[in-house]
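# Analysis of the macromolecular model
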Amino acid sequence: MKLHGKRILICISGGIAAYKINYLIRDFIKKGAEAQVLMTSSAEQFVSKLTLSTLSKNPVYSDFYSDNGTWNNHVELALWADIILMAPCTANTLSKMVHGMCDNLVLATYMSAKCPVFIAPAMDLDMYQHPSTKLNLELAEDFGHHIIPAEDGELASGLSGVGRMAEPETISQIIEDFFNSDKSLTGKTVLITAGPTYEAIDPVRFIGNHSSGKMGFSIAEEAANRGANVILISGPSSELSNHQNIEIFRVTSAKEMFTKVFEYYENADIAIASAAVADYAPKEIAQEKIKKSEDSLTIKLVKNPDILKTMGERKTKQFLVGFALETQNEEENAKGKLQKKNLDMIVLNSLRDEGAGFKGSTNKIKIITESTVTEFPLKSKTEVAKDILTFIEEQILK
Ligand code: PMT
């Protein structure tokens, strides 16, 4: 049985596609899964608790309290689940999920969960196309959730377009693939640096750069999805993850990043340095805010430790991956870093390529090894992370 013993928590919100969840539950159970169902109060208008409970062989909850006064423990339910499936996920529930609203049992359970979350949105086509929905789906993807895109077809409104919840067979297949995809990095420890570093000038100002941490967090999510134990050391970044395989350490300066990296480097099997580390830091940090008394100000900078170069020097078993962010002579500079820092491969992104590098959710990379240069088209950072890890796995298996 393809889903034998897997615990699937299905959270239904109020959309016409809710009736399709009956078929989905039947399919999950047939494949050997255990299913539990939660629903919002508006979902109750679309599908009956009795049917869902009969099919799932479990009570179905929509409230924090049952009729007999017992408390429905959302934390326990969240921890029970191997995955949570939000389906159908309305624009309203999606928006509450990504903005931390927690006014019903479904949302409280979602927020207590540490397991992978799948979202199957369902709404009218204009709602699906609305910038707020697009942004919310992007945010959900940034959290590391798996989006099961809505499909094209006839909608409850009578209109036709993209917005229908994916068919139960499609959802079931995606979840089956997730559980059966080989966890190719199980047992491996992957150390990742991400984000910028901030080098203090005084208590108010710092030297920093535009890195958002998106690239590093995407790699961390993907490595964790492949079963790795991930140590993610990030400079200041608003990126988040609550993946159970990722341990995040937040640092500010290059020196702090250096210290944290070498607490974990020795045991790492793979180390990936995607952080944009400041090469220089002010020699002295002013204790008080610097006043603007003079016409010009000189700040003496000193070199920061090169974290990646030190990793290269201390390399034992680690497969070591660097990044190169270039603006000119890209390949030549990246190859220079590959050699100088004793790397196994380097990921080159150029600020001359539109959509590549800092901040945005896309990147365009070349992967360079001692003997090869492999170019990839512009992709989302989530997809770029997959390319990078697949390439690393191929190199390790060589
Ligand atoms: O965070 P995002 O907004 O998603 O942007 C992603 C990114 C553009 C920051 C990322 O893709 C990237 O290119 N990261 C490396 C940026 C960089 O600092 O490149 P570099 O060519 O200056 O450094 C070369 C390598 O040495 C990098 O792996 C860097 O992490 C490492 N390094 C650099 C200096 C230093 N003191 N210590 C280091 O470890």
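Only a predicted model underlies this, so the values are computations on that prediction, with no experimental measurement involved. (Residues numbered from 1 in each chain as written. Predicted model: local features only at pLDDT ≥ 70, side-chain atom pairs only at ≥ 80, totals over all residues. Heavy atoms only, no water.)

### Examining the packing of helix 9 (residues 214–225) against helix 13 (residues 381–397)
Put simply, the rule reads: Here an axis means a line fitted to C-alpha atoms, over the contact stretch when the element is a helix, while the angle between two N-to-C directions is reported on a 0 to 180 degree scale. By the criteria applied, helices consist of DSSP H or I runs no shorter than four residues and strands consist of E runs no shorter than two, each listed in order from the N terminus. Any angle that falls under 35 degrees is termed roughly parallel, while one over 145 is termed roughly antiparallel, one within 65 to 115 roughly perpendicular, and all others oblique. Two helices crossing with the near one rotated counterclockwise from the far one by less than a right angle form a left-handed crossing, whereas a clockwise rotation gives a right-handed crossing. In this analysis, two residues are considered to be in contact whenever any of their non-hydrogen atoms come within 4.5 Å of each other. Three residue categories are used. Nonpolar comprises Ala, Val, Leu, Ile, Met, Phe, Trp, Tyr, Cys and Pro, charged comprises Asp, Glu, Lys and Arg, and polar comprises the others, including Gly.
Interhelical geometry of helix 9 versus helix 13 gives an angle of 60 degrees and a closest axis separation of 8 Å. Classified by the interaxial angle, the pair formed by helix 9 and helix 13 is oblique. Pair helix 9 / helix 13 crosses with right-handed handedness. The segment helix 9 lies against helix 13, with Lys214, Met215, Ser218, Ile219, Glu222 and Ala223 engaging Lys381, Thr382, Val384, Ala385, Lys386, Ile388 and Leu389. Split into classes, the residues belonging to the contact of helix 9 with helix 13 amount to seven nonpolar, two polar and four charged.

### Regarding the site of the ligand
Applied cut-off: Near residues are defined by distance, with any heavy atom within 4 Å of the molecule or strand qualifying the residue. Pairing of N or O atoms within 3.5 Å defines a polar contact, subject to two protein rules: one partner must be a possible hydrogen donor and the other a possible acceptor, and residues neighboring in sequence count only if both atoms are side-chain atoms.
In the vicinity of the ligand, 27 residues are found, and the nearest of them are Ser211, Ala275, Lys337, Asn349 and Lys359. At 2.6 Å, a side-chain N or O of Ser212 approaches an oxygen atom of the ligand. In the environment of the ligand, an oxygen atom lies 2.7 Å from a nitrogen or oxygen atom belonging to the backbone of Gly213. Going through the elements one at a time, helix 9, helix 11 (307–313) and strand 17 (319–326) are the ones with two or more residues in the shell around the ligand. With four residues, strand 17 is the largest single contributor of residues to the shell around the ligand. Each residue belonging to the shell around the ligand can be placed in one class, and the counts come to 12 nonpolar, eight polar and seven charged.

### Points about the pairing of strand 17
Which entries qualify depends on this criterion: Remark: exposure states derive from per-residue accessible area (1.4 Å probe, protein chains only) relative to the maximum for the residue type, with buried under 20%, exposed over 50%, and partly exposed in between. Strands are labelled as partners when DSSP assigns at least two bridges between them.
In terms of residue burial, strand 17 counts as a mostly covered element, since seven of its eight residues are buried. Alignment of strand 14 (residues 270–273) against strand 17, held across four bridges, turns out to be parallel. Within the sheet, the bridge partner assigned to Ala271 lies in strand 17 and is Leu320. Summarising the sheet, strand 17 and strand 18 (residues 345–350) pair through six bridges and their orientation is parallel. Residue pairing for strand 18: Leu325 is matched across the bridge by Asn349.

### Topic: the packing of aromatic side chains
To keep things clear, this is the line we draw: Any Phe, Tyr or Trp ring, taking Trp's six-membered ring, that has another such ring centre within 6.5 Å forms a pair; planes under 30 degrees apart are called stacked, those over 60 apart edge-to-face, and the others tilted. In this scheme, Lys NZ or Arg CZ marks a charge over a ring once it lies within 6 Å of the ring centre and within 35 degrees of the ring normal.
With the rule as written, the count across this model stands at six aromatic pairs. For the pair Phe118 and Phe178, a centre-to-centre distance of 5.1 Å together with 80 degrees between the ring planes defines the contact as edge-to-face. Of this pair, Phe118 sits in strand 5 (residues 117–121) while Phe178 sits in helix 8 (residues 168–180), and the two are 60 residues apart along the sequence. There is no split in this pair, since Phe118 and Phe178 are both buried. Taken together, the aromatic side chains of Phe118, Phe178 and Phe179 make up a single cluster linked through ring pairs. Positioned above the aromatic ring of Phe178 is the side chain of Lys183, whose terminal nitrogen or guanidinium carbon lies 4.4 Å from the ring centre. The ring of Phe262 carries Arg314 above its face, with NZ or CZ at 4.4 Å from the centroid.

### What to know about the side chain of Ser274
The topology assignment puts Ser274 in the loop between strand 14 and strand 15 (280–282). Look at Ser274 and you get buried, because its relative accessible area is 12%. Engagement of the side chain of Ser274 in a polar contact is seen with the backbone oxygen of Thr193, the distance being 2.6 Å. Beyond its immediate stretch of four places on either side in the chain, Ser274 contacts Ile192, Thr193, Ala194, Gly216, Ile219 and Phe323.

### Considerations on the pattern of salt bridges
This is how the line gets drawn: What makes a salt bridge here is a side-chain nitrogen of Lys or Arg within 4 Å of a carboxyl oxygen of Asp or Glu, nothing more.
This model, assessed by the stated rule, comprises 23 salt bridges. Of the charged contacts, one joins Glu167 and Lys20 as a salt bridge, the two residues approaching to 3.1 Å between their closest N and O atoms. Of this pair, Glu167 sits in the loop between strand 8 (160–164) and helix 8 while Lys20 sits in the loop between strand 1 (7–12) and helix 1 (21–30), and the two are 147 residues apart along the sequence. On the accessibility criterion, Lys20 (9% relative accessible area) is buried. Through salt bridges that share partners, Lys20, Arg164 and Glu167 make up one connected network.

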